[in-house]
There are 2 protein chains.
Amino acid sequence: MSIPANHPRRESLLIREKLVEGYKRNIVALEGLIAHGRGECFDYLLGEKTHGFALKAIRAAVAHLLLAKHPVISVNGNTAALVPREIVELAEVTGAKLEVNLFYRTREREEAIAKHLMEHGAREVLGVGDDASATIPELFSERRRVSPRGILIADVVFVPLEDGDRTEALRKMGKTVIAVDLNPLSRTARMASVTIVDNIVRAVPLMIKEAIQLKSMNRDKLEEIVRNYDNNRVLQEALETILERLRELSSSQLILQPY
Amino acid sequence: MSIPANHPRRESLLIREKLVEGYKRNIVALEGLIAHGRGECFDYLLGEKTHGFALKAIRAAVAHLLLAKHPVISVNGNTAALVPREIVELAEVTGAKLEVNLFYRTREREEAIAKHLMEHGAREVLGVGDDASATIPELFSERRRVSPRGILIADVVFVPLEDGDRTEALRKMGKTVIAVDLNPLSRTARMASVTIVDNIVRAVPLMIKEAIQLKSMNRDKLEEIVRNYDNNRVLQEALETILERLRELSSSQLILQPY
């Protein structure tokens with residue numbers, strides 16, 4: 001279906017179509033579609049734009065990736081469907097490895113995602129089939145399997161659109177975990193080392209830009225960015241922004257006139 | 001998958017299963033699953049219960065339906081999947097006609113929904129195939145087609161789970177529009193004449209109860225209910241409730257320690 005250019009929710013509907021297309025290509029799980037809807041709601045509360053607190057988190061996240069010895073980007077179905085080219089570019093510019101890791105893991109879906117990333121320029125995708133031969137202490141059995149060249153040895157893991165259990169498991173292993181989550185109250189958001197409260201389709205392109213800039217900085221500068229970052233403060237600012245927006249809207253006239 | 005009786009999110013998971021089942025039976029569109037996720041989030045913010053503002057809207061909505069000359073209930077995939085028996089009963093008790101009207105319209109889905117409603121006791125379902133022979137001024141071409149015995153001539157239309165464009169188009173035609181929407185800030189919620197900010201699975205059974213009570217009232221009383229109803233106030237109360245709950249949820253320290 002073609003969405004009119006002047007539709008007020010055009011962007012949001014186009015993103016939905018990408019996910020539906022991803023589902024049809026066996027990249028996205030049905031549960032991933034419902035999960036996306038929940039994120040949409042918080043994006044709405046954020047005014048569907050990137051705020052200052054997200055920019056601070058993006059800067060710290062990129063500094064972590066650039067400082068890391070073994071940075072890894074963990075890719076799930078929704079991420080692959082929404083920002084395949086961007087996630088490949090981010091891996092390229094930060095020197096991170098790409099690894100497929102799925103909540104609802106099937107061999108077919110792993111392979112479909114890896115293929116999709118390859119079509120968008122990835123040179124290597126870890127975590128597919130026999131490559132996921134190592135195991136980590138994780139609640140959900142299918143996610144225990146990781147690549148010994150990827151998540152197993154990673155010091156910094158970027159897990160966009162992940163859940164709380166996964167984030168906690170990786171943190172317990174001593175890893176720095178970077179998450180993208182539109183809900184600042186989710187367990188993922190509260191458990192990550194750096195939480196980017198933003199829509200992944202806006203955040204990842206900004207991460208690429210930031211990485212190109214920060215790459216020319218020396219390590220001292222990057223370490224300073226990391227040291228000065230306060231995730232609790234960032235989450236509070238995100239929550240305050242949502243509260244402020246709701247407060248503003250609740251005091252004005254809400255009903256619209258169709259005439 | 002069987003969900004344990006004591007699972008904290010049991011209700012919510014059972015509703016999801018109904019939608020996934022509806023998808024497999026060609027009643028629900030993939031986009032409908034995403035839209036449901038979005039609603040889930042707002043239901044969470046509302047504490048997953050029916051509030052006073054929703055009860056007020058339900059009362060006004062039912063009064064409108066009972067006063068109407070040509071009341072019509074517009075049914076989409078999610079509504080049919082979630083409350084098929086209840087929506088048929090509501091039509092029965094208020095004397096409203098049922099009409100299928102879909103954002104993502106296909107002949108197969110129209111028929112699957114009509115069949116589903118028939119299986120749940122509907123005696124007539126408008127808007128299927130050639131019956132949708134009239135057109136109304138609408139942005140999306142597929143939704144322009146309505147039944148000349150239904151939405152075309154309706155003075156009151158109940159459009160649970162609809163979008164803003166549809167609501168606006170119907171209001172522009174001078175119709176009274178009743179919506180169910182968990183998001184009090186959506187264009188649908190703000191554009192409708194009466195907005196029930198509640199989960200459809202809780203709201204429709206309450207509408208049936210209310211209709212049985214209000215049916216014994218005379219027209220003057222019903223007109224008084226309609227006259228005294230203030231949709232702006234109802235939306236403000238819904239927003240204030242969400243604000244209050246977000247405030248509660250936000251503790252001073254947001255970050256969690258995995259150790």
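Residues numbered from 1 in each chain as written. Chains lettered and ligands numbered in written order. Predicted model: local features only at pLDDT ≥ 70, side-chain atom pairs only at ≥ 80, totals over all residues. Heavy atoms only, no water.

Caption draft 1: A look at the overall build of chain A. When its secondary structure is counted, chain A shows 11 helices and seven strands. Computed over its C-alpha atoms, the radius of gyration of chain A comes to 18 Å, within 12% of the 18 Å expected for a compact globule of 259 residues. Summarising its shape, the C-alpha atoms of chain A cover approximately 60 × 45 × 35 Å along the three principal directions. Counting only residues that meet the buried cut, chain A has 59% of its 259 residues in that class. In chain A, of all internal contacts separated by at least 6 residues, the share reaching a separation of at least 24 is 65%. Of the roughly 10,800 Å² of accessible surface on chain A, 49% is carried by carbon and sulfur atoms. Taking the 37 positively charged and 36 negatively charged side chains of chain A as two groups, their mean positions are separated by 1 Å. (Helix = DSSP H or I, 4+ residues; strand = E, 2+ residues; numbered from the N terminus. Rg over C-alpha atoms; globule rule 2.2 N^0.38 Å. Buried < 20%, exposed > 50% of the residue type's maximum accessible area, 1.4 Å probe, protein only. Contact = heavy atoms within 4.5 Å. Areas by Shrake-Rupley, 256 points an atom, 1.4 Å probe, with all protein chains shown as cover. Lys, Arg positive; Asp, Glu negative; His and termini not counted. Charge placed at Lys NZ, Arg CZ, Asp CG, Glu CD.)

Caption draft 2: Fine view of the nonpolar core. Of all hydrophobic cores here, the largest spans 150 residues; its most connected members are Ile196 of chain A together with Ile196 of chain B. Setting aside chain neighbours within four positions, we find isoleucine 196 of chain A in contact with Ala54, Ala57, Ile58, Ala61, Ile178, Ala179, Val180, Asp181, Ala203 and Met207 of chain A. (Core = buried A, V, L, I, M, F, W, Y, C linked by side-chain atoms within 4.5 Å.)

Caption draft 3: Highlighting the UniProt feature "binding site: ATP" (unreviewed entry) in chain A. All names here are of chain A. When the UniProt feature table is mapped onto this chain numbering, "binding site: ATP" (unreviewed entry) sits at Arg16, Arg38, Asp181, Leu182, Asn183, Arg187, Thr188, Asn199 and Ile200. The named residues occupy 185 residues along the chain; their greatest pairwise C-alpha distance, 24.3 Å, places them well apart from one another. With respect to the helices and strands, the residue aspartate 181 is situated in the loop between β6 (176-180) and α8 (187-191). Setting aside residues up to four positions removed in sequence, aspartate 181 forms contacts with Ser186, Thr188, Ala189, Ile196, Val197 and Asp198. Engagement of the side chain of aspartate 181 in a polar contact is seen with the side chain of serine 186, the distance being 2.7 Å. Relative to the helices and strands, threonine 188 is located in helix α8. Judged by relative accessible area, threonine 188 falls into the buried class, the value being 4%. (UniProt positions renumbered as here; feature names shortened; annotations may be inferred. Polar contact = N/O pair within 3.5 Å; in protein donor to acceptor, adjacent residues only side chain to side chain.)

Caption draft 4: Structural detail: helix α1 (residues 10-24) of chain B. For α1 of chain B, which comprises 15 residues, the first-to-last C-alpha distance of 21 Å matches the rise-based estimate of 21 Å (1.5 Å per residue) to within 8%. Ser12, Leu13, Ile15, Arg16, Leu19, Val20 and Gly22 of chain B are the residues of α1 of chain B that are buried. Buried-residue contacts for α1 of chain B involve α2 (30-45) of chain A together with α2 (30-45), α4 (77-82) and α9 (200-214) of chain B. After α1 of chain B finishes, the residue asparagine 26 of chain B shows a positive phi value of roughly 70°. (Expected span 1.5 Å × (residues − 1).)

Caption draft 5: The arrangement of the interface of chain A and chain B in detail. Listed as interface residues are 49 residues of chain A and, on the opposing side, 48 residues of chain B. Taken over both partners, the interface formed by chain A and chain B buries close to 5,000 Å², and the fraction arising from carbon and sulfur atoms is 70%. Of all residues in chain A, Ile34, Arg190 and Leu254 of chain A give up the largest surface area on contact with chain B, accounting jointly for 14% of the area buried on that side. In this structure, glutamate 40 of chain B engages arginine 38 of chain A in a salt bridge whose closest nitrogen and oxygen atoms are separated by 2.9 Å. At the boundary of chain A with chain B, the tally comes to 14 residue pairs in polar contact (both at pLDDT 80 or more). Every element with two or more residues in the side of chain A that touches chain B is listed here: α1 (10-24), α2, α7 (164-172), α8 and α11 (231-251) of chain A. (Buried area = accessible area lost by both parts, 1.4 Å probe. Salt bridge = Lys/Arg side-chain N within 4 Å of Asp/Glu carboxyl O.)

Caption draft 6: Structural detail: the packing of aromatic side chains. Counted according to the given criterion, the structure contains two aromatic pairs over all chains. Ring centres of tyrosine 23 of chain A and tyrosine 23 of chain B lie 5.9 Å apart, and the angle between their planes is 80°; on these two criteria the pair is classed as edge-to-face. Taken as a pair, tyrosine 23 of chain A in helix α1 and tyrosine 23 of chain B in helix α1 lie in two separate chains rather than in one. Geometry around tyrosine 44 of chain A places arginine 245 of chain A over its ring, the cationic atom sitting 5.9 Å from the centre. (Phe/Tyr/Trp six-rings, centres within 6.5 Å; stacked < 30°, edge-to-face > 60°. Lys NZ or Arg CZ within 6 Å of the ring centre and 35° of its normal.)

Caption draft 7: How the structure looks around the relation of the copies chain A and chain B. Between the two copies, chain A and chain B, the superposition gives an RMSD of 1.3 Å; the rotation angle is 170° and the shift along the axis is 0.4 Å. Mapped onto chain B, 80% of the interface residues of chain A again fall at the interface, so both copies present the same surface. (Least-squares fit on C-alpha atoms with pLDDT ≥ 70 in both.)

Caption draft 8: Highlighting the state of the cysteines. Scanning the model with the defined rule gives one disulfide over all chains in all. Linked covalently through their sulfurs, cysteine 41 of chain A and cysteine 41 of chain B form a disulfide whose S-S length is 2.1 Å. When the S-S torsion is -40°, as for the bridge of cysteine 41 of chain A with cysteine 41 of chain B, the disulfide is left-handed. One end of the pair, cysteine 41 of chain A, is in helix α2; the other, cysteine 41 of chain B, is in helix α2, on a second chain. Look at cysteine 41 of chain A and you get buried, because its relative accessible area is 0%. (Disulfide = S-S within 2.5 Å.)

Caption draft 9: Spatial organisation of the sheet that holds strand β5 (residues 156-160) of chain A. All names here are of chain A. Strand order across the open sheet formed by five strands is β2-β1-β5-β6-β7, with parallel pairing between neighbours. Strand pairing shows two members of the sheet lacking a second neighbour, β2 (97-100) and β7 (194-196), which therefore form its edges. Direction aside, the axes of adjacent strands within the sheet are offset by 20° on average. Where strand β1 (residues 71-75) and β5 come together, three bridges link them in parallel fashion. Counterpart to isoleucine 73 in the pairing with β5 is phenylalanine 158. Relative to β7, helix α3 (residues 52-67) is tilted by about 130°, and along the sheet it contacts β1, β5, β6 and β7. (Pairing = 2+ DSSP bridges. Axes fitted to C-alpha atoms, helices over the stretch in contact; angles between N-to-C directions.)

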